[in-house]
Amino acid sequence: MKEALFYNKEENGSVRCYLCSHNCSISEGKFGFCGVRQNKAGKLYTYTYAHPIALNIDPIEKKPLYQFLPGSRSFSLATLGCNFRCGFCQNWSISQKNYSGGVSAREDEVMPQEIIEQAVINNCRSISYTYTEPTIFFEYALDIAKLAKAKGLYNVFVTNGYMSRQCIEVIKPYLDAANVDLKFFRESAYRNICASSLKPVLDSIRLMHELGIWVEITTLIVPGENDSEGELKQIADFIASVSCDIPWHLSRFHPDYRFKNYDSTPEVTIKVAIDIGKAAGLRFVYAGNVLGFGNDTSCYSCGKLLVKREGFDILENNIRDGKCRYCNSVMPGVY
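Rules used throughout
Residues numbered from 1 in each chain as written. Predicted model: local features only at pLDDT ≥ 70, side-chain atom pairs only at ≥ 80, totals over all residues. Heavy atoms only, no water. Helix = DSSP H or I, 4+ residues; strand = E, 2+ residues; numbered from the N terminus. Buried < 20%, exposed > 50% of the residue type's maximum accessible area, 1.4 Å probe, protein only. Contact = heavy atoms within 4.5 Å. Areas by Shrake-Rupley, 256 points an atom, 1.4 Å probe, with all protein chains shown as cover. Salt bridge = Lys/Arg side-chain N within 4 Å of Asp/Glu carboxyl O. Phe/Tyr/Trp six-rings, centres within 6.5 Å; stacked < 30°, edge-to-face > 60°. Lys NZ or Arg CZ within 6 Å of the ring centre and 35° of its normal. Expected span 1.5 Å × (residues − 1). Core = buried A, V, L, I, M, F, W, Y, C linked by side-chain atoms within 4.5 Å. Right-handed = clockwise from strand over helix to strand, strands pointing away. Pairing = 2+ DSSP bridges. Axes fitted to C-alpha atoms, helices over the stretch in contact; angles between N-to-C directions.

Caption draft 1: Structural context of the overall build of the protein. Within the protein one finds eight helices and 19 strands. Judged by the C-alpha coordinates and their principal axes, the protein covers about 65 × 45 × 35 Å. Counting only residues that meet the buried cut, the protein has 53% of its 335 residues in that class. A sequence separation of at least 24 residues applies to 65% of the contacts in the protein between residues at least 6 apart. With the model as given, the accessible surface of the protein reaches about 14100 Å², and the carbon-plus-sulfur share is 46%.

Caption draft 2: Local environment of the pattern of salt bridges. Taken as a whole and judged by the stated rule, the model has twelve salt bridges. The salt bridge involving Arg-37 is made with Glu-139; its shortest N-O contact spans 2.9 Å. Of this pair, Arg-37 sits in strand E5 (residues 37-40) while Glu-139 sits in helix H3 (residues 138-150), and the two are 102 residues apart along the sequence. When the shortest N-O distance is used, the salt bridge between Lys-233 and Asp-237 registers 2.7 Å. Placement of both Lys-233 and Asp-237 in helix H7 (residues 229-242) is noted, with a separation of four residues, approximately one turn of the helix. The exposure class of Lys-233 is partly exposed, given its relative accessible area of 47%. Accessibility expressed as a relative area gives 33% for Asp-237, which makes it partly exposed.

Caption draft 3: Layout of the packing of aromatic side chains. Counting across every chain of the model gives 17 aromatic pairs. With centroids separated by 5.4 Å and ring planes inclined at 65°, the aromatic side chains of Phe-6 and Phe-138 adopt a geometry described as edge-to-face. Placement of the pair is Phe-6 in the loop between strand E1 (2-3) and strand E2 (7-9) and Phe-138 in helix H3, with a sequence separation of 132 residues. A single burial state applies to Phe-6 and to Phe-138, both of which are buried. Between the aromatic rings of Tyr-47 and Tyr-99, the centroid separation amounts to 5.2 Å while the plane-to-plane angle is 20°, which identifies the pairing as stacked. One end of the pair, Tyr-47, is in the loop between strand E6 (43-46) and strand E7 (54-59); the other, Tyr-99, is in the loop between helix H1 (92-95) and helix H2 (112-121), with 52 residues separating them in the sequence. The cationic tip of Lys-271 hangs over the ring face of Phe-293; the distance from NZ or CZ to the ring centre is 4.9 Å. The ring centre of Tyr-326 lies 4.6 Å from the NZ or CZ of Lys-304, which sits over that ring.

Caption draft 4: Fine view of unusual backbone geometry. Residue Lys-63 is joined to Pro-64 through a cis peptide bond whose omega torsion reads -5°. Along the polypeptide, Pro-64 turns up in the loop between E7 and strand E8 (73-78). The residue Tyr-257 is not glycine, and still its phi comes out positive at about 50°. Along the chain, Tyr-257 turns up in the loop between strand E13 (248-252) and helix H8 (267-279). Accessibility expressed as a relative area gives 16% for Tyr-257, which makes it buried.

Caption draft 5: Region of the structure containing helix H6 (residues 199-210). Spanning twelve residues, H6 covers 17 Å between terminal C-alpha atoms, matching the ideal 16 Å at 1.5 Å per step. Residue Gly-212 follows H6 closely and has a positive phi angle near 90°.

Caption draft 6: Highlighting the nonpolar core. Phe-88, Ile-127, Tyr-129, Tyr-140, Leu-182 and Trp-248 are the most contacted members of the largest nonpolar core, which has 90 residues in total. Excluding residues that lie within four positions of it along the chain, Ile-127 makes contacts with Ser-74, Phe-75, Leu-77, Ile-115, Ile-116, Ala-119, Ile-144, Ala-148, Leu-153, Tyr-154, Asn-155 and Val-156. Phe-284, Leu-306, Val-307 and Cys-324 belong to the second-largest nonpolar core, a separate cluster that totals nine residues.

Caption draft 7: Layout of the side chain of Ser-197. Within the element layout of this structure, Ser-197 appears in the loop between helix H5 (187-194) and H6. Every residue in contact with Ser-197, bar those within four places of it in the chain, is listed here: Tyr-162, Glu-187 and Tyr-190.

Caption draft 8: Seen up close, the pairing of strand E11 (residues 177-181). Counted residue by residue, E11 has four buried out of five residues, so it is predominantly covered. A crossover links strand E10 (residues 154-159) with its parallel partner E11, the connecting element being helix H4 (residues 165-171), and its sense is right-handed. Both E11 and strand E12 (residues 214-221) contribute to a ladder of five bridges, which runs parallel. Looking at E12, one finds that Val-180 is bridged to Ile-217.

Caption draft 9: View of the sheet that holds strand E4 (residues 25-26). Spatially, the three strands line up as an open sheet ordered E2-E3-E4, and their pairing is antiparallel. Both outer strands of the open sheet, E2 and E4, are each paired with one neighbouring strand and no more. Bridge analysis of E2 against strand E3 (residues 15-17) gives three bridges, and the strand direction is antiparallel. Counted as the bridge partner of Tyr-7 is Cys-17 from E3.

Caption draft 10: Quick peek at the sheet that holds strand E14 (residues 285-288). One open sheet holds the eight strands; their spatial order is E7-E8-E9-E10-E11-E12-E13-E14, and the pairing between them is mixed. For this open sheet the edge positions go to E7 and E14, each flanked by a neighbour on one side alone. Pairs of neighbouring strands in the sheet enclose a mean axial angle of 20°, with direction left out of account. H6 rests against E10, E11 and E12 of the sheet, and its axis sits at about 160° to E11. Across the sheet, H8 lies against E12, E13 and E14, angled at about 170° from E13, the strand it touches most.

The structure is reproduced here in structure tokens:
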């Protein structure tokens, strides 16, 4: 265990955690909502430090990030646990397990320097904190991110956006990009399906953009839950209000975890959502978990094809020094 960041001591031996927007008050011996941070004798400890549950090399497009170092590889890691309880989680077998439920930490430790060494050996341009929620292993991610930055590597969060302002401000000097899940635009849906709330996610998106972190947003479209044209328009309008240059990824849902009785998202719904995003003024709207449409990047100015994709593979790249090779318009993103 490692002593956690972002907590204050309270009366009667309790502690208040300020890592994420749950702001848990944790009594002696108990865990926070995430199940990985425990109060022991009036100090808050994290169980996730140096105990990854997954280590992989991924294309950056898998995060998904389409306008951040396209075609590069990212060394990806995760630990157990999450601060959401999404019934449609596709990584539920690791995100919904935690130490408060009696899971033991792996005996071998993978220290931050080892992560950097593996990233370099495997020719990765970045480290991605992904699969589960990076906020809940923040201390581990922060130490890795500092070493990565010193080595010339980029850092990426794939996140639900439920972290505190303090958390974002501390990671900001080291965090280059984030893909944020914006799951719904209704408080009731966030509360009932994710055991969280909407406003902190919106606040995180705004703050990351203001701080100069490259942001892309993903919405998993679940039939009957967030697929109405009205709700999709609300999400698109919000993104446009922050910046029309923020890419919006619209992912196709497939039945999983507690949502196995749901239908997969019809492709026509994805196409309608893409049209809604473009009508809201978004310059870059992409389809996820589908083949044959919605994966390419075109120039917002001249309309020419810039990045052609097949799945996660780059077949053609016409961005030169961050600009369209045809009309010389600057392309939003990191290249």
